[in-house]
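Descriptive structure summary
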Amino acid sequence: MQRRVVVTGLGLVSAVGNTAPEVWNNLLAAKSGIATITHFDTTNFPVTFAAEVKNFDPLKFIDKKEARKMGRFIHLALAATHEAMESSGLKVTPEIGDRVGVFIGSGIGGFDVIEREHSNMLQGGPRRISPFFIPATIINLAAGQVSIRYGAKGPNEATATACTTSAHAIGDAYRIIERNDADVMIAGGSEAAITPMGIGGFAAMRALSTRNDDPAHACRPFDRDRDGFVCGEGSGILILEELEHAKARGAKILAEIIGYGMSADAYHITGMPEDGDGCCRAMQHALKSAKIEPHQVDYVNAHATSTSLGDVVESKAMQRLFGEHATSGKLMISSTKSMTGHLLGGAGGLEAGITILALINQTAPPTANLDNPDPDCVLNYVPNTPQKAPMHIALSNSFGFGGTNGSLIFRRWE
């Protein structure tokens, strides 16, 4: 018998809030977290804004001495995990530690520490490099630090699949529980790439919006005036648990994860095939995994990053897969990146959490700044104002550089 997997906790840190309730309330108010960069001096940079996490103090969650040994992406992951664990009520005792695992990924890891330590080396030679440089930066140390903190001795892994990282981490963790290799998984992702090299690198690719005079309205998924994505930072962590294990300890169940699909475009390092084939197949695989039909999906949290090609490709893929269910407007679709920015490897974790909150609250959050819809994007993207409607099943999409795709499906718990 296939083991069922439920979500019993979630923690979110983003530019629109440092807790899940704060994130949700600000999304419903269509409040943007995108503003002028404060992390570094943007003089001479072509892009001067991003979606920074605000008023974040890692010392609320981490001892000062330990915090100095970690990159910012680890700080953010530990903060989101703290909220997720608190909301789940889970206590990892020695008796269950071997059955509790951690899958937390990052697309880039400790860019901030890499840049700082490189500067130290240039100024003072290799002796100036911190002994904690490597463990502060490598991607698996978010999962490692969470494991150490909570005594989670089960499967431990870090995905690094660009912007699909968190979706893959959650989906792979779901399958770990399904096949009885663990009873609980702490899963998601974290990113902190708002650094000189991070912003400079994406700007050099001409991937970013350059709307420096109006940051709050810069991210415009599905809008004809969109001009690129906005870099964001943050973390999204879910506590996944085998259903009977959750019931036995009286856990509050937030949602059930019922499907996961993956695919590759096999096309281009940054571009997508115009017919949306890879995106469509990831969603199809997720539907097959969930044993449901396309018309049963009520809401999609789209990957849509506000790029000229990507939004159209994803829209076409959804139109192709969902057919009349989508073109009639029955299927609600939104891109919350319009407010949170694009968290890169952390996006799927944040957006999976938002998708679960949409099911709990029976409300689709809006796509902000959608004032002039692209004529090639003709579906119901929940423009600017949330839409309240019955929701039973929701899907979250993540697509990454290299053509790696992931889709997660959640069912409302009743």
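Residues numbered from 1 in each chain as written. Predicted model: local features only at pLDDT ≥ 70, side-chain atom pairs only at ≥ 80, totals over all residues. Heavy atoms only, no water.

1. Details of the nonpolar core
To be explicit about the condition: Here, the term nonpolar core denotes a set of buried Ala, Val, Leu, Ile, Met, Phe, Trp, Tyr and Cys residues that are joined through side-chain atoms within 4.5 Å. A 1.4 Å probe rolled over the protein chains alone gives each residue an accessible area, and that area as a share of the maximum for its type sets the label: buried under 20%, exposed over 50%, partly exposed in between. The numbering of helices and of strands both runs from the N terminus, where a helix is a DSSP run of H or I of at least 4 residues and a strand a run of E of at least 2. Contacts between residues were defined by any pair of non-hydrogen atoms, one from each residue, lying within 4.5 Å.
Ranked by size, the top nonpolar core spans 45 residues in total, and within it Leu238, Leu240 and Phe410 carry the most contacts. For this core, the secondary structure elements donating two or more residues are strand E1 (5-13), helix H1 (20-28), helix H7 (165-178), strand E6 (184-191), strand E7 (234-242), strand E8 (255-264), helix H14 (347-361) and strand E14 (404-412). Beyond its immediate sequence surroundings of up to four residues, Leu240 is in contact with Val5, Val6, Val7, Ile170, Ala173, Tyr174, Ile177, Asp183, Val184 and Met185.

2. Overview of the side chain of Ser315
What counts is decided by this rule: Any N or O atom pair separated by 3.5 Å or less is treated as a polar contact, with the protein-specific requirement of one donor-capable and one acceptor-capable atom, and with residues adjacent in sequence counted only for side-chain atom pairs.
Position of Ser315 among the secondary structure elements: in helix H11 (residues 308-322). You can call Ser315 buried: its relative accessible area is 0%. Within polar-contact distance, the side chain of Ser315 engages the side chain of Tyr381 at 2.4 Å. Those residues in contact with Ser315 that lie beyond four places of it in its chain are Phe222, Asp376, Cys377, Val378, Leu379 and Tyr381.

3. Topic: the pairing of E7
On any regular strand, side chains alternate: one points to one face of the sheet, the next to the other face. What counts here: Two strands are said to pair when DSSP picks up at least two bridges between them.
The element E7 is extensively covered by neighbouring structure, given that nine of its nine residues are classed as buried. Neither face of E7 is open: one carries Gly234, Gly236, Leu238, Leu240 and Glu242, the other Ser235, Ile237, Ile239 and Glu241, and all of them are buried. The pairing of E1 with E7 spans eight bridges and is antiparallel. Considered in E7, the bridge of Val7 is made with Leu240. Both E6 and E7 contribute to a ladder of eight bridges, which runs antiparallel. By the bridge assignment for E7, Met185 is matched with Leu240.

4. So, the sheet that holds strand E9 (residues 299-301)
Operational definition: In this analysis an axis means a line fitted to C-alpha atoms, helices contributing only their contacting stretch, and an angle means the value between N-to-C directions, from 0 to 180 degrees.
A sheet is described by the order of its strands in space; here 10 strands give the open sequence E5-E4-E6-E7-E1-E8-E14-E13-E9-E10, paired in mixed fashion. Edge positions in the sheet fall to strand E5 (156-157) and strand E10 (332-334), since each of these pairs with one other strand and no more. Against the sheet, H7 engages E1, strand E4 (100-105), E5, E6, E7, E8, strand E13 (393-400) and E14, with an angle of about 120 degrees to E8.

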